[in-house]
Structure formats: structure tokens, C-alpha cells
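Analysis of the macromolecular model
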Amino acid sequence: MEKLTKQEEAAMQAIWKVGSGFVKDFLEAHAAPAPPYTTLASTIKNLEKKGYVEAKKIGNVYEYTPGIEEGEYKKKFMSGFVKDYFENSYKELVTFFAKDKKISPEELQEIINMIGKK
């Protein structure tokens, strides 16, 4: 699974939010500033070629549905991110955020509690 560009990720966020729909539906759900209709349509076509969305022709328009679940993409992306930037260590990732004060002691305790429940 290849990493998506920022533009493709923004389009996928809208697609995951809407579920099944048309370009105009995704445009309405797109984070601001939304791209022009034709730009989003091209981006979605590229996502289709990459296997991230599936298309079904209805009349003269296409209805698109996600070809991959959001959770699956996040899992793959985060695994690669941790591997590339944190020596494949989630401990290093958490330490980075803790040192930079991007995670509070309360949030850290919540994470510890979640791990303890597994």
C-alpha cells in the first residue's frame, strides 16, 4: 500500500466521512479550503487507480466507495511512520511526545490503562 499525498489523504478523509457518494458529496464533506470540483474529481480518479476507492457508473456519473477502511490505512501508515522515524519503537514515539509536552500525564495514564485492559 503506497503512502498517499496530502491532497489524496484529504480526499480520502471526505470519502471515509461520507461513505458511498459522488464527487459533489465529497466536495461538501471536504475540509476547508475545498479544492475545485475538477481537482477533486482527478484526485479521486487517481485514488481509484491506486485501489483506494471503487467506482460504479450510474448513468453518466460515477458513484465512489472506499476500497480500504480508514482504520486499515491508519494502521499501515502509522507502522511505517514509527519504523521510519522512531526506530520501530512505539516507546520512542510516546517518549518524543512526552518530552515535547504534547501529551499530558493524564493522557499517558489513559494509555497505560488501555494497555493494562488488553
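Residues numbered from 1 in each chain as written. Predicted model: local features only at pLDDT ≥ 70, side-chain atom pairs only at ≥ 80, totals over all residues. Heavy atoms only, no water.

The name recorded for the chain in an unreviewed UniProt entry is BlaI/MecI/CopY family transcriptional regulator, from Chitinophaga barathri.

Quick word on the nonpolar core
Soluble globular proteins tend to bury their nonpolar side chains together. For clarity, the cut-off: Here the nonpolar core consists of buried residues drawn from Ala, Val, Leu, Ile, Met, Phe, Trp, Tyr and Cys, with membership extended through side-chain atoms lying within 4.5 Å. When accessible area is computed with a 1.4 Å probe and restricted to protein chains, residues below 20% of their type maximum are described as buried, those above 50% as exposed, and intermediate ones as partly exposed. The secondary structure listing takes helices from DSSP runs of H or I that are at least 4 residues long and strands from runs of E that are at least 2 residues long, numbered from the N terminus. Contact criterion: two residues are considered in contact whenever any of their non-hydrogen atoms come within 4.5 Å of each other.
Grouped together as the largest cluster of nonpolar side chains are 17 residues, with contacts concentrated most on Met12, Ile15, Phe26, Ile44, Leu47, Tyr52 and Val53. Looking at which element gives the most residues to this core, the answer is helix H1 (residues 6-18), with five residues. Not counting chain neighbours up to four residues away, the residues in contact with valine 53 comprise Met12, Ile15, Ile44, Leu47, Glu48, Tyr64, Thr65, Pro66 and Gly67.

Overview of the pairing of strand E1 (residues 53-58)
The following threshold applies: By the convention used here, strands pair only if DSSP detects at least 2 bridges between them.
By the bridge criterion, six bridges tie E1 to strand E2 (residues 61-66) in an arrangement that is antiparallel. Bridge pairing links glutamate 54 to threonine 65 in E2. If you look at the hairpin formed by E1 and E2, you'll find two residues sitting between the two strands, and glycine 59 has a positive phi there, around 65°.

Notes on the packing of aromatic side chains
Any pair of aromatic rings gets described here by the distance separating the centres and the angle formed by the planes. As a reminder of what qualifies: Ring pairs are drawn from Phe, Tyr and Trp, using the six-membered ring of Trp, whenever the two centres fall within 6.5 Å, and their geometry is named by plane angle: stacked under 30 degrees, edge-to-face over 60, tilted for the rest. Counted as over-ring charges are cases with an Arg CZ or a Lys NZ within 6 Å of the ring centre that also lie within 35 degrees of the ring normal.
This model, assessed by the stated rule, comprises nine aromatic pairs. Ring-pair connections join several aromatic residues into one group, and the members of that group are Trp16, Tyr52, Tyr73, Phe77, Phe81, Tyr85, Phe86, Phe96 and Phe97. Above the ring of tyrosine 62, the side-chain terminus of lysine 45 is found at 4.0 Å from the ring centroid.

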